[in-house]
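Working through the structure, step by step
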Amino acid sequence: MKTTKFSSLVLIKKEKLDEIERQIIDVQSRKRGLEKKIEKKKEEIRKFEFPDKGSMSQYQLSKEQFSLQMKTLEDLKASYDLRLKQLDGLKELYKEANIEHEKFLALEEEEIKKANKLKIYLESKEMDEVANILTQMKKRG
């Protein structure tokens, strides 16, 4: 492929696009990890049992453990929501970066087409000159 004044910009825009894509993949992976942790924590909470008998301090301790489990679940859900917002932002960035990349790709293609047309024109002109020279030589010779 020919190098144009837009080639370096196309490369930069492509690198930015690739970086955003890597970030999206990373955040999606973290989101999936959080989904698993949330499900595991929900299962722990479902299986949690308060003591049927025993001292008030044992009951109080169980209640605190349960509250801690619920707080952990809330924190996991907050982290999950944050990941969703990150994904939305990154997807928007990706969309904008893709538009920029496509724009510079189109400009590069246009530049290449112009260069090719000029090359064809110059080659045609050169061929005409050669044909004229040959015609002149035949007339003389």
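The following refers to the structure shown.

Conventions adopted
- Residues numbered from 1 in each chain as written.
- Predicted model: local features only at pLDDT ≥ 70, side-chain atom pairs only at ≥ 80, totals over all residues.
- Heavy atoms only, no water.
- Core = buried A, V, L, I, M, F, W, Y, C linked by side-chain atoms within 4.5 Å.
- Buried < 20%, exposed > 50% of the residue type's maximum accessible area, 1.4 Å probe, protein only.
- Helix = DSSP H or I, 4+ residues; strand = E, 2+ residues; numbered from the N terminus.
- Contact = heavy atoms within 4.5 Å.
- Axes fitted to C-alpha atoms, helices over the stretch in contact; angles between N-to-C directions.
- Parallel < 35°, antiparallel > 145°, perpendicular 65-115°, else oblique.
- Left-handed = near helix turned anticlockwise from the far one by under 90°.
- Nonpolar A, V, L, I, M, F, W, Y, C, P; charged D, E, K, R; others polar.
- Salt bridge = Lys/Arg side-chain N within 4 Å of Asp/Glu carboxyl O.

**Considerations on the nonpolar core**
Counting 7 residues, the largest nonpolar core consists of Leu17, Ile20, Ile24, Val27, Leu87, Leu90 and Ala97. Of all the secondary structure elements, the ones that give two or more residues to this core are α1 (7-47) and α2 (56-140). In terms of residue count, α1 provides more of this core than any other element does, 4 residues in total. Once residues within four sequence positions are removed from consideration, Leu17 is found in contact with Tyr94, Ala97, Asn98 and His101. By size, the runner-up hydrophobic cluster in this structure holds 6 residues, among which are Ile38, Ile45, Leu76 and Tyr80.

**A few points about the packing of α1 against α2**
With their axes 8 Å apart at the nearest point, α1 and α2 run at an angle of 160° to one another. In terms of orientation, α1 and α2 fall into the roughly antiparallel class. Judged by the sense of rotation from one axis to the other, the crossing of α1 with α2 is left-handed. Within the contact of α1 with α2, the residues separate by chemical class into 22 nonpolar, 9 polar and 15 charged.

**Observations regarding the pattern of salt bridges**
All chains considered together, the criterion is met by 11 salt bridges. Glu19 serves as the salt-bridge partner of Arg22, at 3.0 Å between the closest nitrogen and oxygen. Pair noted here: Arg22 and Glu19 are both in helix α1, with a separation of 3 residues, about one helical turn. Since its relative accessible area comes to 49%, Arg22 is described here as partly exposed. In this structure, the salt-bridge partner of Lys71 is Asp75, at a minimum N-O distance of 2.8 Å. With Lys71 and Asp75 both in helix α2 and 4 residues apart, the pair spans about one turn of that helix. Under the relative-accessibility criterion, Asp75 is labelled partly exposed at 38%. Through salt bridges with shared partners, a single network forms among Lys13, Glu100 and Lys103.

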